[in-house]
Amino acid sequence: RIFGAAQDITERKRVEEAMTTERSLLRTLVDNRPDSVYVKDLAGRKTLANPADIRKMGVASAAEALGKTDFEVFPPDLAAIFDADDQHVIQTGQPVLNREERFILPDGSQGWQLTSKAPLRDRAGQVIGLVGIGHDITERKRAEEELRESEARFRVIFERANDAIHVDNADDQILQVNPRMGELTGYSREELLTMRVSDLQAPEVRGQSGNVVRNELARHGHVAFESLNLHRSGRRIPIEVSVACIESAQGDLYVSIVRDITERKQ
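Presented here is a report on the structure given in the accompanying data block. All residue numbers refer to position in the chain's written sequence, counted from 1. Reporting of local features is limited, given that this is a predicted model, to residues whose pLDDT is at least 70; pairs of side-chain atoms are given and counted only at 80 or more, and all residues count toward the totals for whole chains, interfaces and linings. Where side-chain values are given, they derive from all heavy atoms of the structure, hydrogens and water being excluded.

**Details of helix α5 (residues 138-160)**
Spelled out, the test is: Strands are runs of DSSP state E lasting at least two residues, helices are runs of H or I lasting at least four, and both sets are numbered from the N terminus onward. One less than the residue count of a helix, multiplied by 1.5 Å, gives the span that helix is expected to have. Burial here depends on accessible area, computed with a 1.4 Å probe over protein chains only, as a share of the maximum for the residue type. Under 20% is buried, over 50% is exposed, and the range in between is partly exposed. Throughout, a contact is declared for two residues whenever any of their heavy atoms are within 4.5 Å.
Taking 1.5 Å of rise per residue, 23 residues should cover 33 Å, and α5 covers 33 Å from first to last C-alpha, within 8% of that figure. Thr138, Lys141 and Phe158 are the residues of α5 that are buried. The secondary structure elements touched by the buried residues of α5 are β3 (96-104), β4 (110-121), β5 (127-136), β6 (164-169) and β7 (174-177).

Written as structure tokens, this is what we have:
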């Protein structure tokens, strides 16, 4: 005789299929993210690494990445910083979010990333490791460094130029001046920053060039002309002005290079 029993496992199969689909979706998202995504156990060993993290580690495959700690991949000083973050997350259960970190690329160059780490817990709520995401900001940091260097070069040129330079807005308000501007006008830097460009013009030319200059700037982005400034002492100074318009978060700004042409006129 044969004794048989059958159990309906339709619901279980549906759950298994749903979980398989979910795992596949999650793995697809992890593997195709440009950010590094990884999982570590309590000892700091990688148990999961996506392709971006594998490339950052400088290894050929996931098999080479898994089981390794940061001390086996990065210089000791950087590995110690990464490990300290890991231990903080594991011991406190508190995440680390968007922390800027330096790392060494496989070619030996320096890279930067925004790191976020969160504790990984089991069903009982115990911390069994951590999940980390590293967003590469190397290009942004390089751009920021280039911008700082560019600003530093501009500052040197601006401050040491033989010609007077001032920057003003669409309301004619002076926003920035170099030392030569004070020498040309007789006013201090502090005084100039409370004035308008028209305050420096001789009465006979005041307001004459404004619309013409704006129209030329709108068409060509640059204009040059002669004018007449009034020194603090009342002395009239013939000048040559070169104006360019630049866009900024504050709106259009006007950079004027002003040259004293008294000797040339004489």
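**Some words on the pattern of salt bridges**
Applied cut-off: Salt bridges are counted wherever a side-chain nitrogen of Lys or Arg sits within 4 Å of a carboxyl oxygen of Asp or Glu.
Tallying each qualifying case throughout the model produces 26 salt bridges. Between Arg33 and Asp35 there is a salt bridge, and its shortest N-O distance comes to 2.4 Å. By relative accessible area, which is 35% here, Arg33 ends up partly exposed. Between Glu226 and Lys265 there is a salt bridge whose closest N-O contact spans 2.8 Å. In this pair, Glu226 sits in strand β8 (residues 222-230) while Lys265 sits in helix α9 (residues 262-265), placing the two residues 39 residues apart along the sequence. Given the relative accessible area of 43%, Glu226 is considered partly exposed. Here the salt bridges share partners, and the residues they tie into one network are Lys40, Asp70, Asp86 and Lys117.

**What about the nonpolar core?**
Just so we agree on the cut-off: Working definition of a nonpolar core: buried Ala, Val, Leu, Ile, Met, Phe, Trp, Tyr and Cys residues. They are joined through side-chain atoms within 4.5 Å.
Membership of the largest hydrophobic core comes to 18 residues, with the highest contact counts inside it found for Ile174, Met181, Leu192, Leu200, Leu217, Val243 and Val258. Elements with a contribution of two residues or more to this core: β7, α6 (179-185), α8 (210-220), β9 (236-248) and β10 (251-260). The element contributing the most residues to this core is β9, with four residues. Setting aside its immediate chain neighbours within four residues, Ile174 contacts His166, Val167, Asp168, Leu192, Leu193, Met195, Arg196, Val197 and Leu200. Counting six residues, the second largest nonpolar core, distinct from the first, contains Val89, Ile90, Val96 and Leu130.

**Observations regarding the layout of surface pockets**
Stated precisely, the cut-off is as follows: Cavity: a set of points on a 1 Å grid over the protein atoms alone where a 1.4 Å probe fits but cannot get out. Pocket: an open set with protein on both sides within 12 Å along at least five of seven lines, its lining residues, like those of a cavity, having an atom within 4 Å of a point. Grid points are joined across faces, edges and corners, and a volume is the space filled by probe spheres set on the points. Amino acid classes used here: Ala, Val, Leu, Ile, Met, Phe, Trp, Tyr, Cys and Pro are nonpolar; Asp, Glu, Lys and Arg are charged; the rest, including Gly, are polar.
Empty space within the second largest pocket amounts to approximately 280 Å³. What lines the second largest pocket is simply Met19, Glu22, Arg23, Leu26, Arg27, Val30, Val37, Val39, Leu48 and Val131. With six residues, the single largest contributor to the lining of the second largest pocket is helix α1 (residues 10-31). Looking at side-chain class alone, the lining of the second largest pocket contains seven nonpolar, no polar and three charged residues.

**Side note on the sheet that holds strand β1 (residues 36-41)**
Operational definition: Two strands qualify as a pair provided that DSSP identifies no fewer than 2 bridges between them. The angle between two axes is taken between their N-to-C directions and runs from 0 to 180 degrees, where each axis is a line fitted to C-alpha atoms and a helix contributes only its stretch in contact.
Here we have five strands laid out as an open sheet, ordered β2-β1-β5-β4-β3, and antiparallel in their pairing. Edge positions in the sheet fall to β2 (46-49) and β3, since each of these pairs with one other strand and no more. Across the sheet, the mean angle separating the axes of adjacent strands is 25 degrees when strand polarity is ignored. Two strands pair when backbone bridges link them, and β1 and β2 are joined in this way by three bridges, in the antiparallel orientation. The residue bridging Lys40 from the neighbouring strand is Lys46, located in β2. This element, α5, spans β3, β4 and β5 of the sheet and lies at about 140 degrees to β4.

**Brief notes about the side chain of Asp35**
Threshold: Polar contacts, as counted here, are pairs of nitrogen or oxygen atoms within 3.5 Å of one another; within protein the pair requires one atom able to donate a hydrogen and one able to accept it, and residues that are adjacent in sequence qualify only if both atoms are side-chain atoms.
Looking at where Asp35 falls in the secondary structure, it is placed in the loop between α1 and β1. The buried category is assigned to Asp35, whose relative accessible area is 8%. Engagement of the side chain of Asp35 in a polar contact is seen with the side chain of His135, the distance being 2.7 Å. Not counting chain neighbours up to four residues away, the residues in contact with Asp35 comprise Asn50, Ala52, Ile133, Gly134, His135 and Asp136.

**Points about the packing of aromatic side chains**
Ring pairs (aromatic) are described by centroid distance and by the angle formed between their planes. Heads up, the condition is: Aromatic pairing here means that ring centres of Phe, Tyr or Trp (its six-membered ring) are within 6.5 Å. Orientation follows from the plane angle: under 30 degrees is stacked, over 60 is edge-to-face, and everything else is tilted. Here, a charge over a ring is recorded when the distance from Lys NZ or Arg CZ to the ring centre is within 6 Å and its angle to the ring normal is within 35 degrees.
Inspection of every chain in the model, using the stated rule, returns two aromatic pairs. When the ring of Phe74 is compared with that of Phe82, the centres are 5.4 Å apart and the planes differ by 85 degrees; the resulting orientation is edge-to-face. Under the relative-accessibility criterion, Phe82 is labelled buried at 5%. Above the plane of the ring of Phe103 lies Lys56, whose end atom (NZ or CZ) is 5.4 Å from the centre. Its end group placed over the ring of Trp112, Lys141 keeps NZ or CZ at 4.7 Å from the ring centre.

**Structural notes on the side chain of Lys56**
Here Lys56 lies in helix α2 (residues 51-57). When its relative accessible area of 11% is taken as the criterion, Lys56 is described as buried. Ignoring anything within four residues of it in the chain, the contact list for Lys56 reads Ser36, Phe74, Phe103, Ile104, Pro106 and Gln113.

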